[in-house]
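Coordinates in review
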Amino acid sequence: MRAGRSGSVAVVLAGALALGAFTAPTAQAADTGIKVTELVLNQGRPIVVGTDAEVTPDFTFRMSWPSGVKVSDVNAWPYLYHDTTAAKGAEDGGIYTSSVTYYDGSSTTAECDGELYIEPRYTLDSNNDATTWKIAVFARVWGSDGQPKSEEHLTGFGSVQVKRKAKVTANATPEPVTKGRTLTVKGAITRADWAKHKYTGFGGKSARLQFRAKGSGTYTTLKTVQADSAGALKTTVKASADGYYRWTFGATATTGGATSAGDYVDVR
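Residues numbered from 1 in each chain as written. Predicted model: local features only at pLDDT ≥ 70, side-chain atom pairs only at ≥ 80, totals over all residues. Heavy atoms only, no water.

**Description of the environment of lysine 179**
Structurally, lysine 179 is set in the loop between strand 13 (171-173) and strand 14 (182-193). By relative accessible area, which is 58% here, lysine 179 ends up exposed. Taking C-alpha positions, lysine 179 is 5.7 Å from arginine 268, a pair spaced 89 residues apart along the chain. Those residues in contact with lysine 179 that lie beyond four places of it in its chain are Ala239, Ser240, Val267 and Arg268. (Helix = DSSP H or I, 4+ residues; strand = E, 2+ residues; numbered from the N terminus. Buried < 20%, exposed > 50% of the residue type's maximum accessible area, 1.4 Å probe, protein only. Contact = heavy atoms within 4.5 Å.)

**Side note on the side chain of histidine 82**
With respect to the element layout, histidine 82 can be found in the loop between strand 6 (74-81) and helix 2 (86-91). With a relative accessible area of 14%, histidine 82 lands in the buried category. At 2.8 Å, the side chain of histidine 82 and the side chain of aspartate 83 are in polar contact. A polar contact of 2.9 Å, which involves the side chain of histidine 82, links it to the side chain of aspartate 129. The residues touching histidine 82, leaving out its near neighbours within four places in the chain, are Asn128, Asp129, Thr131, Thr132 and Trp133. (Polar contact = N/O pair within 3.5 Å; in protein donor to acceptor, adjacent residues only side chain to side chain.)

**Remarks on the nonpolar core**
Residues Val36, Ile47, Phe61, Met63, Leu80 and Tyr102 are the most contacted members of the largest nonpolar core, which totals 44 residues. Looking at which element gives the most residues to this core, the answer is strand 9 (residues 132-142), with seven residues. Residues contacting methionine 63, with those up to four places away along its chain left out, are Ile34, Lys35, Val74, Ala76, Tyr102, Thr108, Thr109, Ala110 and Cys112. Core analysis: the next-biggest nonpolar cluster, separate from the first, contains 22 residues, Ala172, Val185, Ile189 and Ala258 among them. (Core = buried A, V, L, I, M, F, W, Y, C linked by side-chain atoms within 4.5 Å.)

**Digging into the packing of aromatic side chains**
If you walk through the whole model with that rule in mind, you get five aromatic pairs. Centroid distance tyrosine 79 to tyrosine 81: 6.1 Å. Interplanar angle 40°. Geometry classified as tilted. Look at tyrosine 79 and you get buried, because its relative accessible area is 0%. Classification of tyrosine 81 as buried rests on a relative accessible area of 6%. When the centroid spacing of 4.7 Å and the interplanar angle of 45° are considered together, the rings of phenylalanine 211 and tyrosine 245 count as tilted. (Phe/Tyr/Trp six-rings, centres within 6.5 Å; stacked < 30°, edge-to-face > 60°.)

Now the structure itself:
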């Protein structure tokens, strides 16, 4: 979240349970008068998720509301949904707000920031979730009696790609090796399987074998190799100098890119 904001913090919603707010006592579905602009999610980048680690994409936006309504009586919670309507996505199968802070800039405007929350084992249960998710905002105005007065689902904020995290390893042998002899460089490409909750082979994906000489800060691509059906990589090169070998590949529509650690080979 952004620090150093002036003005009072109106609301902090935490605990990754904003969904509970969506399903609180239902208000009349009506125009709340709340406007959300300048919404930026995850700094405009795709969201890449593995199998275990929680992911908390950040967001910022500007909010305005009708005159006469207090900032403490308005809520705006960004969320993601796909293959359904915004209203249904807010209730089931979406990605929801973990926390949001409203920085009270005036009587009717605030700058806001916060985070979504993704727990792979519960939020994503199918590899079909690696797709384009639409961005929406659930808006609510509370009445003086402490009950919801009006609420609506604001749309038109674009979309974001949610992708499966990938990994790749590298191992060059033999070590050490005589100069001019053949090195075999192997590796394995895997990616998150959200249904099985583990990493499985990414078959058929192409990766670049790169080399960085000892003392250099730059990797050079030597060749491109396609993984077999199980995600295994294997190729040979001539040993020329001490240095590091690694595999790297770019993102696809459903999967993030990855680069292995460099495997050092001593050439004698």
